[in-house]
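Listed below, chain by chain, are the residues.
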Amino acid sequence: MALVLNNITKVVRGVTHIKPTSLTLEKGHFNVLLGETGAGKTSLIKMMAGIDPIASGTVVMDGNDITKLNTQKRRISLVHQFFVNYPHMTVFDNIASPLRVAGMSKSEIEGRVGEAADILKLGPMLHRRPHELSGGQQQRCALARAIAKDSQAVFLDEPLANLDYKLREELRELLPELFADRGAVVVYATSEPEEALLLGGETALMVDGKVAQFGPTAEIYRAPSSLMAAQVFSDPPINHATVRKQGSAFHLGEVSWAAVGDAAGLTDGDYTVAIRPNHVLPNVSAEARVAVTGTVGVTELSGSESSAHFEFGDNGWVSLAHGTHPYSLGEDHTFYMNTDACLYFALDGNRVA
Amino acid sequence: MKTENQKAWFFVLPVLLLVAFNALIPMMTVVNYSVQETFGDNLFFWEGLTWFEQILRSDRFHAALGRQFMFTALILIIEIPLGIAIALSMPRKGFWVPVCLVLMALPMLIPWNVVGAMWNIFALPDIGLMGYFLNHVLGINYDMTQDPVAAWVTIITMDVWHWTSLVVLLAYAGLVSIPDAYYQAAKIDGASNWSVFRFIQLPKMKNVLTIAILLRFMDSFNIYTEPFVLTGGGPGNSTTLLSIDLVKIALGQFDLGPAAAMSLIYFAITLLVSWLFYTLMTKDDLN
């Protein structure tokens, strides 16, 4: 069972919002759409749901072309970033609404609503109205409506974005099991790289209205195909700088390191090097040993990690390390790169090593 | 420390004075008339509840009250669904929105006696556009000055023309306040257009429709100017609504006592029906 997009595009008043996009989204795992705000995640979901018109291309569900099929006739569910529940209906009626429309018997509706409410711990709230619920409960109600329905495809458009940290963690853990054996294609849009990694499955990296790369999430994280893809899939932003390869070494200003592996085979010339912040560390080690120095501007402590922004390369670099480190703002600090983790891109942005 | 004093009353005072002058004092004058017999030279005799009893037992009052309820019921039955239907078919965005809104508001901007006069001329059988068309082109025998049914059709049509816009504008305001997300959610649920109307649009319009029905009830129940100019209550008494009858008693016959008693009964009925309706419609929200 799969949802297949063949070269679909979206054009609004002559402006192309979604460039030709082809994807095959399989059931049984999460299909993550990862991209920054405005990259086209919501547009793509609305096109798959039949809410927004498709300028060209086809959408195929289990071998049936559904491009022209009305949203009403598609068996789908959609959960928004904003908690969309019918305000004048109780939680029970909200969850039951698609089932009633489908003409299910009363006993079957009660069974399905009860099951969905149990999974999402909404049992005691079935007779309340949405405005009497907290944000997390409202979103659980919206999720319950999505799972109670017998859908072929479930679209989750940043469903956790408007929840606080704790609730987000709690629901994120719940989500994969929620949809595990529903037999539906699950599409999950998010702008947070970390969320994509936690959910696993397959990820489509969206940049500027098109899919830059698609494949197993961990693989895309390890081997981004372009600088753009690497940038989208990195938080804090990936560090990059222009380097010159000469002979068997890379030179970045005063700093040089040996070209190894695939990078060794590159012809001499200018490249862009990119390195994730967690490979630029404040302490020297066996892996991280190429020193770079810059003035520390901003430091942040989040959870058990501390990051330091320092002046280096094209846009300033970030170091992300476990534990706390004594940085003095405005002073030079030396950081150590693990050059084995460097990614190399041609100046047009395509990855070469 | 919380200061407790009675200063707040001074802030209420201006409103109290205003209400006293424009409502309480005139109304107390009416109460005064309603319990006395009035002669020239300002002679008054105490009558107690005689006038109230007389009005409540009067066939003429019952007939006028019956016509009044029929008029109000008919215009509500027509204007509310028609108003909702027009609001539903109006565009939600784009160039035509202001055009539609202005067109809708136009009838309401015309002075009431002008509306009556317009429809009077419009409906005249030999020279009026509508009257002529009905009689001489379609061959329908239509003369509102002779035929009570024609007179009723004309005043109802006139009121629908004049006031449906109010319902349209209120219903439209309710409709545009519904976020797109609800329509999307309903589409994804697989809901038909009827379900969308029944379960999303209608509940969202409930509050504005309550106001619309309340306003149209009160206005139509107290209607005077338009039917007075259009039919003058005739032919016979067939379109003599409560307010027209009241004016006939008060200014035609100069029976100030019965007219005052009738005014108070009239007021009490309007108030009671409005209160009942409003209480019933908002009962759910209070729980």
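Keep in mind the model is a prediction, meaning the values are calculated, not measured. (Residues numbered from 1 in each chain as written. Chains lettered and ligands numbered in written order. Predicted model: local features only at pLDDT ≥ 70, side-chain atom pairs only at ≥ 80, totals over all residues. Heavy atoms only, no water.)

Caption draft 1: A look at the UniProt feature "domain: ABC transporter" (unreviewed entry) in chain A. In the numbering used here, UniProt assigns the "domain: ABC transporter" (unreviewed entry) feature to residues 3-233 of chain A. The distance separating the terminal C-alpha atoms of residues 3-233 of chain A is 24 Å; by composition the span is 36% helix and 28% strand. (UniProt positions renumbered as here; feature names shortened; annotations may be inferred. Helix = DSSP H or I, 4+ residues; strand = E, 2+ residues; numbered from the N terminus.)

Caption draft 2: Representation of the interface of chain A and chain B. On the chain B side, the residues contacting the 19 residues of chain A number 14 residues. Across the chain A to chain B interface the summed buried area is about 1500 Å²; carbon plus sulfur atoms make up 61%. Of all residues in chain A, Gln72(A), Tyr86(A) and Val101(A) bury the most surface against chain B, accounting for 34% of the area lost on that side. The tally of links between chain A and chain B comes to 1 salt bridge. At the junction of chain A and chain B, the tally comes to 6 residue pairs in polar contact (both at pLDDT 80 or more). Among the secondary structure elements, those contributing two or more residues to the side of chain A that touches chain B are β6 (76-79) and α2 (91-101) of chain A. Looking at the side of chain A that touches chain B residue by residue, the classes come out as 9 nonpolar, 7 polar and 3 charged. (Contact = heavy atoms within 4.5 Å. Buried area = accessible area lost by both parts, 1.4 Å probe. Salt bridge = Lys/Arg side-chain N within 4 Å of Asp/Glu carboxyl O. Polar contact = N/O pair within 3.5 Å; in protein donor to acceptor, adjacent residues only side chain to side chain. Nonpolar A, V, L, I, M, F, W, Y, C, P; charged D, E, K, R; others polar.)

Caption draft 3: The arrangement of helix α7 (residues 148-176) of chain B in detail. All names here are of chain B. Its 29 residues give α7 an end-to-end C-alpha distance of 41 Å, which sits within 8% of 42 Å, the value for a rise of 1.5 Å per residue. A maximum bend of about 40° is found in α7 at Trp163. Two or three places before Val149, at the start of α7, stands the capping residue Asp147, its side-chain oxygen 3.1 Å from that residue's backbone nitrogen. (Expected span 1.5 Å × (residues − 1). Bend = angle between axes of the 7 residues up to and from the residue.)

Caption draft 4: A look at the sheet that holds strand β15 (residues 280-281) of chain A. Residues and elements named next belong to chain A. Reading across from one edge, β15-β19-β16-β17-β18 is the order of the 5 strands in this open sheet, with antiparallel pairing throughout. Two strands in the sheet have a free side with no partner beyond their single neighbour: β15 and β18 (317-322). Where strand β16 (residues 290-302) and strand β17 (residues 305-310) come together, 6 bridges link them in antiparallel fashion. Its bridge partner being in β17, Val296 is matched across the sheet by Phe310. (Pairing = 2+ DSSP bridges.)

Caption draft 5: Structural detail: the packing of aromatic side chains. Taken as a whole and judged by the stated rule, the model has 19 aromatic pairs over all chains. Geometrically, the ring pair formed by Phe310(A) and Phe335(A) is stacked, given 4.2 Å between the ring centres and 15° between the ring planes. Within this pair, whereas Phe310(A) is found in strand β17, its partner Phe335(A) is found in strand β19 (residues 332-337), the two being separated by 25 residues in sequence. Measuring from centroid to centroid gives 5.1 Å for Tyr224(B) and Phe228(B), while their planes differ by 15°, and the two rings are stacked. One aromatic cluster is present, formed by Phe310(A), Phe312(A), Trp317(A), Tyr327(A) and Phe335(A) through successive ring pairs. Between the NZ or CZ atom of Arg145(A) and the centre of the ring of Tyr86(A), over which it lies, the distance is 5.1 Å. Seen from the ring of Tyr221(A), Arg276(A) lies directly overhead, with NZ or CZ sitting 3.8 Å from the centre. (Phe/Tyr/Trp six-rings, centres within 6.5 Å; stacked < 30°, edge-to-face > 60°. Lys NZ or Arg CZ within 6 Å of the ring centre and 35° of its normal.)

Caption draft 6: Region of the structure containing the confidence of the model for chain B. On average, residues of chain B score 88 in pLDDT, and 98% of them are at 70 or above. Ranking the elements of chain B by mean pLDDT puts strand β2 (residues 43-46) of chain B last with 80 and helix α3 (residues 59-89) of chain B first with 94. (pLDDT = per-residue confidence, 0-100.)

Caption draft 7: A look at the domain arrangement of chain A. Residues and elements named next belong to chain A. If you check the domain split of chain A, you get domain 1 (2-232) and domain 2 (239-345). Taking only C-alpha atoms into account, the centre of domain 1 sits 37 Å from that of domain 2. Facing the 7 residues of domain 1 at the interface are 6 residues of domain 2. Carbon and sulfur atoms supply 63% of the area that domain 1 and domain 2 bury against each other, a total of about 560 Å² over both sides. Area buried by domain 1 at its contact with domain 2 is led by Tyr221, Leu227 and Ala230, which between them contribute 69% of it. (Domains from an automatic or database assignment.)

Caption draft 8: Expanded view of a nonpolar patch on the surface. Residues and elements named next belong to chain B. A contiguous nonpolar surface patch, about 1300 Å² in accessible area, is contributed by Trp9, Phe10, Phe11, Val12, Leu13, Val15, Leu16, Leu17, Val19, Phe21, Leu24 and Ile25. Mapped onto the elements of the fold, Trp9 is located in helix α1 (residues 8-34). Residue Trp9 is classed as exposed on the basis of its relative accessible area of 59%. (Patch = residues over 30% accessible without salt bridge, like charges linked within 9 Å, V, L, I, M, F, W, Y side chains within 5 Å. Areas by Shrake-Rupley, 256 points an atom, 1.4 Å probe, with all protein chains shown as cover. Buried < 20%, exposed > 50% of the residue type's maximum accessible area, 1.4 Å probe, protein only.)

Caption draft 9: Region of interest: α3(B). Along its 31 residues, α3(B) runs 45 Å from first to last C-alpha, staying within 8% of the 45 Å computed at 1.5 Å per residue. One side-chain oxygen at the N-terminal end of α3(B) lies 3.2 Å from the backbone nitrogen of Arg60(B); it belongs to Ser58(B).

Caption draft 10: Highlighting the pairing of strand β11 (residues 239-246) of chain A. Residues and elements named next belong to chain A. Alignment of β11 against strand β14 (residues 269-275), held across 7 bridges, turns out to be antiparallel. In the strand pairing of β14, Ala241 is matched with Val273. In terms of strand pairing, β11 meets strand β12 (residues 249-252) through 3 bridges, oriented antiparallel. Bridging from a neighbouring strand, Arg244 pairs with His251 of β12. Hairpin connection between β11 and β12: a loop of 2 residues separates the two successive antiparallel strands, and Gly247 in this loop has a positive phi of roughly 65°.

Caption draft 11: Quick look at the sheet that holds β14(A). Residue and element names in this part refer to chain A. If you trace the 5 strands from one edge of the open sheet to the other, you get β13-β12-β11-β14-β20, paired in antiparallel fashion. Looking at which strands have only one partner, the edges of the open sheet turn out to be β13 (255-258) and β20 (343-345). Looking at each pair of strands side by side, their axes are set apart by 35° on average, direction ignored. (Axes fitted to C-alpha atoms, helices over the stretch in contact; angles between N-to-C directions.)

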